[in-house]
Amino acid sequence: MRDFLPADKARRERVLATIRARYRAHGFDEIETPVLEEYARLHAGIGGDNEKLAYNVLRRGLSADAIRAAADDPAALTDLGLRYDLTVPLARFYATHRAQLPTVFRAIQIAPVWRAERPQKGRYRQFLQCDIDIIGDATARGEAELAIATLDTIDALGLTGGGIRINDRRLLEWMLGHFGFAADEQPGVLITIDKLDKTGPDGVTAELRERGTTAAAVDAFEAFLHRPSTGAHHPFGERQIRTALPDGAPDEVVAHLVEIGAAVAAAQGPSGDVPLEYDPFLVRGMGYYTGTIFELSHPSVSYSLGGGGRYDGMIGRFLGQDVPAVGFSIGFERIVDLVAADQDAAADAVVLVHDRDVPVAELAAHKARLVASGARVRLETRTKNLKALLERAAADGYTSFATVAAGQDGAERKPLA
């Protein structure tokens, strides 16, 4: 959990303003939900490992004896918790306010979330998520709109060349069944497959054998990983998907992915390859994904910059009937470090450096005139080391300065260059 100095905060707000503007341009509307949710909702078995990282709030009014008696039962000790993502709160929000929302609801949520992580570079205990979600659309249009809006947003931030890796949980489950993994083995197998980028094919198959999973299935999976490859590149489409899978993949799911790619291609125009890549081993660990899953990538870094997927079953837990839903989240804390730290080109920011004897009323009048003209104005008392004062102001985003003496009608502005 971090503090942000003024220059850092200003930079973050500039990036957020761009993200909000692009999301809104694509027809999404911003909502806000409380930072606290009910304990039972946050621990309903749909948040994956994030549930273990949730910060829980002790029930009010518990005596010491009651706390000792319930020491081994977190549900008896706590009734609320800090949200660990924005998807669970959105599902609750939609179930609560459905009658006031359009049939297909496109939501923006930009807000902090909390996880009891082990802090490291790019991983924090409090961080900002930038989510867009579409509720009520079961077609490929939902995924396409999210992908198009996300790619447009990172382009607007100057991160051109980004792309999206895409898969479908239904294809993952089909593939594991095809190799011979039993249904009760598959969740654990997926956890191991998710390490493929880190440990490689040999590391994954070795771990699967150590886990005691079906030996014949591991053999079939290992043979698939080491199958001969022509090395030919195919643009995103049915051929790319079919080539990456065993024979016999479900036509309906493949067609759904192809339709997403066609829509993204149409939005891109005649600009070359579609910025999508099919990854048959993309897993994403959240337990609520039911279909398409995706991750945002950029050639400048090896890690993902965001991700999401379809979670058609979640809202039904709160509403009592299934409602299709799909979402995409930009990893703000990772992206903000990649965006060029340019000053706001439209800013007119001036520092008024005044002598100590200038009456406050005169300072207020000088400042008011500049503020009325659209400038951002800071008052600073002249110091012996004027150079250091002006360097600090420039670092804070100010572009010019003027000196003011008592009884002075105006002040000549000079650039802070």
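Structure shown above.
The shown structure was predicted, so the numbers you read here are calculated from the model rather than taken from an experiment.

Q: Mind laying out the packing of helix H7 (residues 169-179) against helix H8 (residues 186-193), listing which residues take part and the relevant values?
A: At a minimum axis separation of 11 Å, H7 and H8 run at an interaxial angle of 105 degrees. When the axis of H7 is compared with that of H8, the two are roughly perpendicular. Here H7 contributes Arg169, Leu172, Glu173, Leu176 and Gly177 to the contact with H8, which in turn contributes Gln186, Val189, Leu190 and Ile193. When its residues are assigned to classes, the contact of H7 with H8 shows five nonpolar, two polar and two charged.

Q: So, the side chain of arginine 310: which residues are in play, and what are the values?
A: Among the structural elements, arginine 310 can be located in strand S10 (residues 306-310). At 3.0 Å, the side chain of arginine 310 forms a polar contact with the side chain of aspartate 312.

Q: Before we move on, could you go through the packing of aromatic side chains and cite the residues and values that matter?
A: Per the stated rule, a full pass over the model turns up seven aromatic pairs. Taken together, a centroid distance of 6.4 Å and an interplanar angle of 20 degrees make the contact between phenylalanine 93 and phenylalanine 105 stacked. Separated by twelve residues along the polypeptide, phenylalanine 93 in helix H5 (residues 87-97) and phenylalanine 105 in strand S5 (residues 105-114) bring together distant segments of the chain. When its relative accessible area of 4% is taken as the criterion, phenylalanine 105 is described as buried. When the ring of phenylalanine 221 is compared with that of phenylalanine 281, the centres are 5.9 Å apart and the planes differ by 75 degrees; the resulting orientation is edge-to-face. Taken together, the positions of phenylalanine 221 in helix H10 (residues 215-225) and phenylalanine 281 in the loop between strand S8 (276-278) and strand S9 (292-297) put the pair 60 residues apart, joining distant regions of the chain. Across the pair, exposure class does not vary: phenylalanine 221 and phenylalanine 281 are buried alike. Taken together, the aromatic side chains of Phe179, Phe181, Phe221, Phe224 and Phe281 make up a single cluster linked through ring pairs. The ring of tyrosine 124 has arginine 2 sitting right over it, with the charged end atom 3.6 Å from the ring centre. When the ring centre of phenylalanine 4 is taken as origin, the NZ or CZ atom of arginine 12, which lies over that ring, is 3.9 Å away.

Q: Before we move on, can you summarise the sheet that holds strand S2 (residues 36-38) with the specific residues and values?
A: Strands belonging to one sheet form pairs held by backbone hydrogen bonds; the direction of such a pair is parallel or antiparallel. Ordered by their spatial adjacency, three strands build an open sheet running S2-S4-S3, and the pairing between neighbours is antiparallel. Each having just a single partner strand, S2 and strand S3 (56-58) make up the two edges of the open sheet. Between one strand axis and the next, the sheet turns by 40 degrees as a mean value, whatever way the strands run. Judged from the three bridges that link them, S2 and strand S4 (residues 78-82) form a sheet pairing that is antiparallel. Looking at S4, one finds that leucine 36 is bridged to leucine 82.

Q: Give me the pattern of salt bridges: which residues, what numbers.
A: Evaluated as defined, the whole model comprises 30 salt bridges. In this structure, glutamate 295 and arginine 284 form a salt bridge, with 3.2 Å as the shortest nitrogen-oxygen distance. Of this pair, glutamate 295 sits in strand S9 while arginine 284 sits in the loop between S8 and S9, and the two are eleven residues apart along the sequence. Classification of glutamate 295 by relative accessible area gives buried; the value is 14%. A relative accessible area of 18% places arginine 284 in the buried class. Look at the salt bridges and you will find they share partners, linking Arg165, Asp197, Asp279, Arg284 and Glu295 into a network.

Q: Can you tell me about the sheet that holds strand S15 (residues 413-415), naming the residues and giving the values?
A: Spatially, S13-S12-S14-S15 is the arrangement adopted by the four strands of the open sheet, whose pairing is mixed. Of all the strands in the sheet, just strand S13 (376-381) and S15 have a single pairing partner and so form its edges. With direction set aside, neighbouring strand axes in the sheet form an average angle of 25 degrees. With five bridges joining them, strand S12 (residues 349-354) and strand S14 (residues 400-404) adopt parallel strand pairing. Each bridged residue has a counterpart across the sheet, and for valine 350 the counterpart in S14 is serine 400. Helix H16 (residues 386-395) contacts S12, S13 and S14 of the sheet and is inclined by roughly 155 degrees relative to S12.

Q: Help me get a handle on the packing of H8 against helix H9 (residues 196-210), residues and values and all.
A: Viewed as axis vectors pointing N to C, H8 and H9 meet at an angle of 140 degrees, and their least axial separation amounts to 8 Å. Here H9 runs oblique to H8, going by the angle between their axes. Contacts between H8 and H9 pair Val189, Thr192 and Ile193 from the former with Leu196, Val204, Glu207 and Leu208 from the latter. Classifying every residue of the contact of H8 with H9 by side-chain character gives five nonpolar, one polar and one charged.

Q: So what about the pairing of strand S6 (residues 126-135)? Which residues, and what values?
A: Extensive coverage of S6 is indicated by the burial of nine of its ten residues. Bridge analysis of S5 against S6 gives ten bridges, and the strand direction is antiparallel. Residue pairing in the sheet places phenylalanine 105 in a bridge with isoleucine 135 of S6. In the sheet, S6 pairs with strand S11 (residues 325-331) via seven bridges, with the strands oriented antiparallel.

Q: Can you break down the nonpolar core residue by residue, with the values?
A: Core analysis: the biggest nonpolar cluster contains 87 residues, and Phe181, Phe221 and Ile335 have the highest contact counts within it. With residues up to four places along the chain from it excluded, the contact list for isoleucine 335 reads Ile154, Leu157, Leu159, Leu296, Leu305 and Ile330.

Quick notes on the rules
- Each chain carries its own residue numbering, running from 1 in the direction its sequence is written.
- Thresholds applied to this predicted model are a pLDDT of at least 70 for local features of residues and 80 or more for the giving and counting of side-chain atom pairs; totals over whole chains, interfaces and linings are not thresholded and use all residues.
- No hydrogens and no water enter the side-chain calculation; it runs on all heavy atoms of the structure.
- Fitted lines through C-alpha atoms give the axes, limited to the stretch in contact for helices. The angle between two N-to-C directions lies from 0 to 180 degrees.
- In this text, helices come from DSSP runs of H or I with a minimum length of four residues, and strands from runs of E with a minimum of two, each type numbered from the N-terminal end.
- For classification purposes, an angle smaller than 35 degrees is called roughly parallel, one larger than 145 roughly antiparallel, one from 65 to 115 roughly perpendicular, and anything else oblique.
- Any pair of residues with heavy atoms lying within 4.5 Å of one another is described as a contacting pair.
- Gly falls in the polar group here, along with every residue not listed as nonpolar (Ala, Val, Leu, Ile, Met, Phe, Trp, Tyr, Cys, Pro) or charged (Asp, Glu, Lys, Arg).
- N or O atoms within 3.5 Å of each other form a polar contact, as long as, within protein, one can give a hydrogen and the other can take it, and as long as residues adjacent in sequence are counted only when both atoms are side-chain atoms.
- Stacked, edge-to-face and tilted are the three classes for Phe, Tyr and Trp ring pairs, Trp counted by its six-membered ring, which pair at centre distances within 6.5 Å; planes under 30 degrees apart are stacked, over 60 edge-to-face, the rest tilted.
- Burial classes: relative accessible area under 20% of the type maximum marks a residue as buried, over 50% as exposed, and values in between as partly exposed (1.4 Å probe, protein chains only).
- Two conditions define a charge sitting above a ring: the NZ of Lys or the CZ of Arg must be within 6 Å of the ring centre, and it must be within 35 degrees of the ring normal.
- One requirement defines pairing of two strands: DSSP has to find at least two bridges between them.
- Salt bridge, as used here, is a side-chain nitrogen of Lys or Arg placed within 4 Å of a carboxyl oxygen of Asp or Glu.
- Only buried residues count toward a nonpolar core. Its members are Ala, Val, Leu, Ile, Met, Phe, Trp, Tyr and Cys residues joined through side-chain atoms within 4.5 Å.

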